[in-house]
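So you can see what is in the structure, the chains are spelled out below.
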Amino acid sequence: MYYTRKPLWIFQDGYLISNTYQYWSENLEDFLIAISEPVVRTKLVHEFVLTPYSLYAAVTSGLNSETIFKVLRSISRNKVPKLIDKLIKYCTNMYGKLHLILHSGQYLIFSIHSSS
């Protein structure tokens, strides 16, 4: 079956379990480290956890919620829980709205969003 080739299980509490014995690549490892925090990384199984801070780090590295959803759905053996969908949407939409810019020795706050 096709789903057995997918390396990731996603749990409702934010834990991600990935097997490294079937399919593993550096790109997958880099993605999981970008969106989550490593908990346990043994030779055959890696465990990560999604946290608001790890999602903040993902947004600052250029990932958005749609990219995160697309990749998680493509590599997950199970359906992504609705609670995880909500966590990712909430955390990624909350970050990156304001930018602090240093210009001529002064700090300026910049936003592309309207003030309303």
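The structure reproduced in this document is the subject of the present report. (Residues numbered from 1 in each chain as written. Predicted model: local features only at pLDDT ≥ 70, side-chain atom pairs only at ≥ 80, totals over all residues. Heavy atoms only, no water.)

## A word on helix α3 (residues 65-75)
Looking only at α3, the buried set comprises Ser-65, Ile-68, Phe-69, Leu-72 and Ile-75. Each buried residue of α3 lies within a common arc of 150 degrees when the element is viewed along its axis, so the set occupies one face. For α3, the exposed residues lying more than 90 degrees away from the buried face are Glu-66 and Lys-70. (Buried < 20%, exposed > 50% of the residue type's maximum accessible area, 1.4 Å probe, protein only. Helix = DSSP H or I, 4+ residues; strand = E, 2+ residues; numbered from the N terminus. Arc of directions from axis to C-beta.)

## Focus on unusual backbone geometry
With phi around 55 degrees, Ser-104 is a residue other than glycine that occupies positive phi space. Inspection of the secondary structure puts Ser-104 in the loop between β5 (99-103) and β6 (106-110). Residue Ser-104 is classed as exposed on the basis of its relative accessible area, which comes to 67%.

## Digging into the pairing of strand β2 (residues 15-19)
On a regular strand, one side chain projects to one face of the sheet and the next to the other, so that they alternate. In this sheet, β2 lies alongside strand β1 (residues 8-10) in antiparallel orientation, the contact comprising three bridges. Of the residues in β2, the one forming a bridge with Leu-8 is Ser-18. Joining the antiparallel neighbours β1 and β2 is a turn of four residues, in which Gly-14 adopts a positive phi near 100 degrees. Of the pairings in the sheet, the one linking β2 to strand β4 (residues 45-49) comprises five bridges and is antiparallel in character. Paired with Ile-17 across the two strands is Glu-47, which belongs to β4. (Pairing = 2+ DSSP bridges.)

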